[in-house]
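Secondary and tertiary structure notes
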Amino acid sequence: MTSNDSADGRIAQTVRAHVRAQQAYAVPDATGFIKLDAMESPYALPDEVRAEVARAVAAAPLNRYPEGNLSALRALVRQAFGVPAEAGLLFGNGSDELIHLVIQACCEPGDTVLSPWPSFVYFDITARLSHARFVGVPLTAELGLDLPAMLAAIAQHRPKVVFLALPNNPTGGLWRDEDVQAILDAAPGLVVLDEAYQPFAGSTWMPRAADLPNAVVLRTVSKIGLAGLRFGYLAGPAAWTEQIDKVRPPYNLGVLVQAALHAVLPHKPLLDEQAARLRADRGPLAAALAALPGVRVHDSAANFLLVRFSGAKDANAVHLELKTRKILVKNFSSMHPLLSGCLRISIGAPDENAALLAALHDILST
Ligand code: PMP
């Protein structure tokens with residue numbers, strides 16, 4: 001018996017079947033590509049801000065664990081992002097980590113986590129990893145929220161946690177406030193209002209983060225130019241955040257991330273300007289894409305567009321041909337029947353959007 005055989009045997013006996021059957025979250029090598037697959041900001045920070053980050057990082061005490069109460073960072077985050085003073089505030093290593101923490105805090109094995117579907121795949125992945133059951137409530141054929149179906153599913157499954165991505169990923173739609181309110185009124189447990197793409201949408205639940213009895217607002221800095229930092233925050237009634245805080249790993253936010261935030265967040269207006277540029281480019285890019293043969297663009301309130309290809313070339317072919325032209329977008333055509341033929345394309349810098357349009361023009365006319 002080789003050591004590998006014995007490792008395989010032990011793994012089969014030891015690692016959860018569900019985990020063995022799963023793939024690790026795949027991140028493609030993007031070296032040399034125009035990267036329009038992950039909703040990052042295409043804009044780098046200006047040199048002077050980068051220099052401030054470098055100085056802050058150099059001064060960070062790497063020999064010490066991060067300090068416990070983070071009151072200065074809390075004040076900065078509240079100010080930069082309009083988190084109400086009365087709301088509790090938790091920080092995560094990306095909002096992904098906070099999604100984990102919410103489910104871990106709330107769900108016993110077999111409990112239900114529910115979301116409109118398709119939505120952010122990590123809601124489903126995380127629920128299952130935490131031994132919860134995931135229920136995805138299909139969107140309408142037009143990729144809108146099916147409120148009657150949501151209310152029926154909530155009544156049937158009594159979910160511990162409901163996730164609402166506002167706007168929704170990967171479809172880009174933003175659910176109406178009154179529909180969200182109806183879900184808040186019906187949900188027996190906690191509703192997570194995931195505002196990852198809020199900077200591109202213009203409306204927010206954040207001002208009410210301390211007042212809603214059964215909701216928390218989840219945000220990230222990943223889409224506004226700081227994806228590399230891995231920083232997310234969750235705001236809600238303190239009684240809720242105190243419970244969720246109990247499952248947070250100790251010192252989950254490293255000193256380098258904290259130092260960088262201290263340097264960058266005073267420049268928040270600059271991040272807002274970059275987001276506004278992407279928002280302004282969304283309409284013209286959508287119109288130019290929709291003018292291509294066999295292409296439909298779904299309405300988006302986010303920094304990406306869901307684009308459906310139903311001409312001579314299908315989404316898989318277009319995805320591959322874009323790749324050979326060094327343009328990376330995300331293929332959702334096999335994720336869910338409602339997304340058949342769909343690619344999700346982040347809005348890039350103007351030269352990237354132009355390169356995308358030129359490539360698609362070429363691909364679809366040959
Ligand atoms: N929520 C939604 C709806 C997302 O689309 C994403 C990222 N794709 C996240 C949360 C996680 O973002 P991060 O971990 O980078 O903060």
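Note that the coordinates shown come from a computational prediction; the quantities given were computed from them, not determined experimentally. (Residues numbered from 1 in each chain as written. Predicted model: local features only at pLDDT ≥ 70, side-chain atom pairs only at ≥ 80, totals over all residues. Heavy atoms only, no water.)

Across the six residues of strand 10 (residues 304-309), six count as buried, placing the element largely inside the fold. Residues F304, L306 and R308 point to one face of strand 10 and L305, V307 and F309 to the other, with burial holding for every one of them. Between strand 9 (residues 295-297) and the antiparallel strand that follows it, strand 10, lie six residues. Looking at chain direction, strand 10 and strand 13 (residues 342-346) are connected through five bridges and run antiparallel. Bridge pairing in strand 13 links F304 to S346. (Buried < 20%, exposed > 50% of the residue type's maximum accessible area, 1.4 Å probe, protein only. Helix = DSSP H or I, 4+ residues; strand = E, 2+ residues; numbered from the N terminus. Pairing = 2+ DSSP bridges.)

Once that is clear, we can look at the UniProt feature "modified residue: N6-(pyridoxal phosphate)lysine" (unreviewed entry) in the protein. When the UniProt feature table is mapped onto this chain, "modified residue: N6-(pyridoxal phosphate)lysine" (unreviewed entry) is found at K223. In this fold, K223 is placed in the loop between strand 7 (215-220) and strand 8 (232-236). Those residues within four positions of K223 in sequence are excluded, and the remaining contacts are A38, M39, S41, A196, Y197, F200 and N303. At 3.4 Å, the side chain of K223 forms a polar contact with the side chain of Y197. (UniProt positions renumbered as here; feature names shortened; annotations may be inferred. Contact = heavy atoms within 4.5 Å. Polar contact = N/O pair within 3.5 Å; in protein donor to acceptor, adjacent residues only side chain to side chain.)

Moving on to the pairing of strand 2 (residues 88-92). Most of strand 2 is tucked away: five of the five residues are buried. A two-sided burial pattern is seen for strand 2, the buried positions comprising G88, L90 and G92 on one face and L89 and F91 on the other. Bridging between strand 2 and strand 8 involves five bridges; their strand directions are antiparallel. Bridge pairing links L89 to A235 in strand 8.

Attention now moves to unusual backbone geometry. L166 connects to P167 through a cis peptide bond whose omega is -5°. Position of P167 relative to the elements: it lies in the loop between strand 5 (161-165) and helix 8 (177-186). A cis amide bond, omega 15°, links N169 with the succeeding residue P170. Within the secondary structure, P170 sits in the loop between strand 5 and helix 8. Phi is positive for R158, which is not a glycine, with a value near 45°. Assignment of secondary structure puts R158 in the loop between helix 7 (147-157) and strand 5. In this model, Y251 sits at a positive phi of 55°, which is unusual for a non-glycine residue. As for its position among the elements, Y251 is in the loop between helix 9 (238-245) and helix 10 (255-264).

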